[in-house]
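Listed below, chain by chain, are the residues.
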Amino acid sequence: MVSGRIKERSLSSSRKREESRPFNFSTLRYLICLLGSVILFAGPLRSQDMTIRHADSLNTYWSENTITDFRNTLPLAKAALHLYSKSGDTCKMADVSNVIATCYDALGELDSSLQVLLTVRQYNLEQCDPEIRYRTAMNLSSTYLSTDDFEKVCELCESTLSSAVGIESRRIKDLRYNYAIALANLGELEKAGETFEQLRSDANKRGDVVDEVDALINLGAIQGLVQQFDSAEACLTLALEICRDHECNSEPEILLNLATLAFNHNDLEEYLELCDLAIAKAREYGDLQLEVDLEYMRAQGKFEQGNYDEAWELIDNYIFLHDSLIDQEKVRSLAEVQEKYESEKRVRQIKELEVKNLDSELRNVQVTKSRNMYLFGRLLALIIAGGLFSDVYFVC
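Now for a quick tour of the structure. Because the structure is predicted, anything quoted here is derived from the model rather than measured. (Residues numbered from 1 in each chain as written. Predicted model: local features only at pLDDT ≥ 70, side-chain atom pairs only at ≥ 80, totals over all residues. Heavy atoms only, no water.)

### What about the overall build of the protein?
Point 1. Scanning the protein for helices and strands turns up 15 helices and zero strands.
Point 2. Burial status across the protein gives 42% buried among its 396 residues.
Point 3. Sequence-distant contacts, at least 24 apart, represent 64% of the contacts inside the protein between residues at least 6 apart. (Helix = DSSP H or I, 4+ residues; strand = E, 2+ residues; numbered from the N terminus. Buried < 20%, exposed > 50% of the residue type's maximum accessible area, 1.4 Å probe, protein only. Contact = heavy atoms within 4.5 Å.)

So, in structure tokens, the structure goes:
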């Protein structure tokens, strides 16, 4: 049996609806700061180059907008964290640490993301804006999801949600979403379904299309897993209608899950038709991983139909796409290693230059001290000689 797909969120995707946010003054301040960094410092931004005002402007932008350029944001956020740590401002340290964790997660460095967030959890945040605590908990739960540590997700979500009853917060909603995903992966499908149903109802009242569609996709997947195929199809069909009316980017996943239901009903014609529609949308959105999965599903459908020649052609295409995906990942990994090497090389060069400057300063200080000691010695000799001369003169 082909199983449905649970739609998860990560640190980098949990606030997708903010990507279309109109241009505002915080964006302008951020661009000015970034341009200033390039013009003034002409190189990688270091903590000594950044001011509190600069860091605050960047932090405001990150808190109000969705981060998309993770690679360039990371060194800026690290520099801001270093500056805040000098002043001992744990609230701002926690806030910018969440930005660093988001970047690490998006770049695939889950261990680093987890370490940063666990460090934040050790801060005393009682005097901080509660939203910082909720944001940290949400990001930490997303990282645990990425590492398949579903028990810790549930433990973290339950402890945070119990202290946030009645609070309206975007991060609390995302935390409930992650909680439902963890429950589903732990096999608590009924409880997960109830949570997604509540999330769907709340999103509908708010008019939040993205959240409603995501909840319906997961409801459909859960209903399919418990063999309630009619309910699953109803959820997914409604999600597809809403998605098409509002041009959301979840259409390929909805079509994939609907194809799964058709396969379980032994309706191979509809199954293949839905796979074709889904793969076209996956190509439109540039989702190579989803395209690889769908190509395999198409080959499976053709094989079940007895069209073995077409099935083998699709398998060949699947292998080609899969190799392309692996090559893509290799290129990205090599680029990351190269960039890390270049970054470390620049750091070494900066340190070597600083050491040379320090050596030069020490030599200058030593020369100055030697000159001063020499002058002081000559002056002392003259004073002594003058004293002796006066004594001799007095005796005479």
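There is more to say after this.
### Side note on the state of the cysteines
Point 1. Summed over all chains, the structure comprises two disulfides.
Point 2. Here Cys243 engages in a disulfide with Cys248; their sulfurs sit 1.8 Å apart. Classification of the bridge connecting Cys243 and Cys248 rests on its S-S torsion, roughly -115°, and on that basis the disulfide is left-handed. A single burial state applies to Cys243 and to Cys248, both of which are buried.
Point 3. Cysteine Cys154 remains unbridged, with the sulfur of Cys157 as its closest cysteine sulfur at 6.8 Å.
Point 4. Given the relative accessible area of 7%, Cys154 is considered buried. (Disulfide = S-S within 2.5 Å.)

### Details of the packing of aromatic side chains
Point 1. Overall, the coordinates contain four aromatic pairs when judged by the stated rule.
Point 2. Ring centres 4.9 Å apart and planes at 55° place the aromatic pair Phe263 and Tyr271 in the tilted group. The same class applies to Phe263 as to Tyr271, namely buried.
Point 3. Summarising the aromatic geometry, the rings of Phe303 and Tyr308 are spaced 5.2 Å apart at their centres and angled 65° between planes, so their arrangement reads as edge-to-face.
Point 4. Using a relative accessible area of 46% as the deciding quantity, one classes Phe303 as partly exposed. (Phe/Tyr/Trp six-rings, centres within 6.5 Å; stacked < 30°, edge-to-face > 60°.)

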